[in-house]
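Close look at the chain arrangement
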Amino acid sequence: MVQEGRRRGRNETEEERADRMWVELIQEVRVAQTGVQILFGFLLTVVFQQKYATLPHADQVIYIVTVVLGACATGALIGPVSLHRLVAGRRVKPQAVRLASRMTFVGLVFLLVTMTSSLLLILRVATRGGYVPYLVAAVVGWYLVCWYGLPLWARHRHTTRSSDGTAHGRPGGGTPGRERT
């Protein structure tokens, strides 16, 4: 039971919540967009280097797949900006926030795969060592822990569900996890 004078959660309308969630989402997207755009820019220059023609066919295939994945990540992470421009003022912000959140998640998955294949290509070219797949797998494991494992753990650890299914931060349990949009 909640004590008198002590609130749980925010006292905001659906529109206020959508506005807040949109601002938070765009801040998150800005970080990811910068990284994916820099990575994608570098990837686009590789094919114009003299060494590209001397790469084994398998490495050229990895490169092409990496560029396509990078393009997909870029598209998904820029998508929320376009979405906002096209629906602004149409009174659909709560729905736009949900869609933009999904696009961002997909973009982050594409970014993960792009970074994985980039690392694989770079290490194959730089070392030709048989340990490359293991090193790449270890780095991917680290990405998964940082990007998904710890956030999901924190969400599970620091939120509870009430009988009506809404998420609430645990009293004294630190910051609550991200609520579903």
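Just so it is clear, the structure is predicted and the values come from calculations on it, not from any experiment. Numbers given to residues run from 1 along each chain, matching the order in which its sequence is written. The predicted nature of this model means local features are confined to residues of pLDDT at least 70 and side-chain atom pairs, given and counted, to a pLDDT of 80 or more, with totals for whole chains, interfaces and linings taken over all residues. Neither water nor hydrogens contribute to the side-chain values; these are computed over all heavy atoms in the structure.

1. Describing the packing of aromatic side chains
Pairing of aromatic rings covers Phe, Tyr and Trp, the last through its six-membered ring, and needs centres within 6.5 Å; plane angles under 30 degrees mean stacked, over 60 mean edge-to-face, and all others mean tilted. Per the counting criterion, the structure on display carries four aromatic pairs. Ring geometry for Tyr52 and Tyr63: centres 5.2 Å apart, planes at 65°, overall edge-to-face. Taken together, the residues span a long stretch of sequence, with Tyr52 in the loop between α1 (14-46) and α2 (57-87) and Tyr63 in helix α2 at a distance of 11 residues. Residue Tyr52 shares its accessibility class with Tyr63, and that shared class is buried. Plain terms: the ring middles of Trp147 and Tyr148 are 6.5 Å apart, the flat faces sit at 70° to each other, and that makes the pair edge-to-face. A 1.4 Å probe rolled over the protein chains alone gives each residue an accessible area, and that area as a share of the maximum for its type sets the label: buried under 20%, exposed over 50%, partly exposed in between. For Trp147, a relative accessible area of 28% puts it in the partly exposed group. The structure contains a cluster of three or more aromatic residues connected by ring pairs, namely Phe105, Tyr143, Trp147 and Tyr148. Helix and strand labels come from DSSP, where a helix needs a run of H or I of at least four residues and a strand needs a run of E of at least two; each type is numbered from the N terminus.

2. Notes on helix α3 (residues 93-127)
Multiply 1.5 Å by the residue count of a helix minus one, and that product is the helix's expected span. A rise of 1.5 Å per residue sets the reference length of α3, with its 35 residues, at 51 Å; its end C-alpha atoms lie 49 Å apart and thus fit the reference within 8%. Looking at the residues trailing α3, positive phi occurs at Arg128, about 55°.

3. Some remarks on the packing of α1 against α3
Helix-helix packing is described using two parameters, namely the angle between the two axes and the distance between the axes. For helices, the fitted line uses only the C-alpha atoms of the stretch in contact; every axis is such a line through C-alpha atoms, and the angle between N-to-C directions lies from 0 to 180 degrees. Viewed as axis vectors pointing N to C, α1 and α3 meet at an angle of 25°, and their least axial separation amounts to 9 Å. It follows from the interaxial angle that α1 and α3 lie roughly parallel. The interaxial crossing formed by α1 with α3 has left-handed handedness. Two secondary-structure elements touch here, α1 through Glu14, Ala18, Asp19, Met21, Trp22, Leu25, Val29, Ala32, Val36, Leu39 and Leu43 and α3 through Lys93, Pro94, Ala96, Val97, Ala100, Ser101, Thr104, Leu108, Leu111, Thr114, Met115 and Ser118. Of the residues contributing to the contact of α1 with α3, the split by class is 16 nonpolar, four polar and three charged. In these notes the angle categories are as follows: under 35 degrees is roughly parallel, over 145 is roughly antiparallel, 65 to 115 is roughly perpendicular, and the rest is oblique. For a crossing to be left-handed, the near helix must be turned anticlockwise from the far one by less than a right angle; the clockwise case is right-handed. Whether two residues are in contact is decided by their heavy atoms: any pair within 4.5 Å suffices. Under the grouping applied here, Gly and all other residues not named as nonpolar or charged are polar, the nonpolar ones being Ala, Val, Leu, Ile, Met, Phe, Trp, Tyr, Cys and Pro and the charged ones Asp, Glu, Lys and Arg.

4. Some thoughts on the nonpolar core
Of all hydrophobic cores here, the largest spans 10 residues; its members are Ala18, Met21, Trp22, Leu25, Ile26, Val29, Leu83, Ala96, Val97 and Ala100. Only α1 and α3 provide two or more residues apiece to this core. Considering each element in turn, this core owes the most residues, six residues, to α1. Not counting residues up to four positions away in its chain, the partners in contact with Trp22 are Pro80, His84, Lys93, Ala96, Val97 and Ala100. What is meant by a nonpolar core is a set of buried Ala, Val, Leu, Ile, Met, Phe, Trp, Tyr and Cys residues, joined one to another through side-chain atoms within 4.5 Å. Core analysis: the next-biggest nonpolar cluster, separate from the first, contains eight residues, Phe40, Tyr52, Tyr63 and Leu121 among them.

5. Some details on a nonpolar patch on the surface
Put simply, a patch holds well-exposed residues, over 30% relative accessible area, that have no salt bridge, with like charges counted together within 9 Å and Val, Leu, Ile, Met, Phe, Trp or Tyr side chains within 5 Å. All accessible-area figures derive from a Shrake-Rupley calculation using a 1.4 Å probe, and residue coverage is judged against the displayed protein chains alone. Any Lys or Arg side-chain nitrogen found within 4 Å of a carboxyl oxygen on Asp or Glu counts as a salt bridge. A cluster of nonpolar residues, Phe105, Val106, Val109 and Val113, forms a patch on the protein surface that exposes about 300 Å² of accessible area. With respect to the helices and strands, the residue Val109 is situated in helix α3. Looking at Val109, the relative accessible area reads 33%, which means it is partly exposed.

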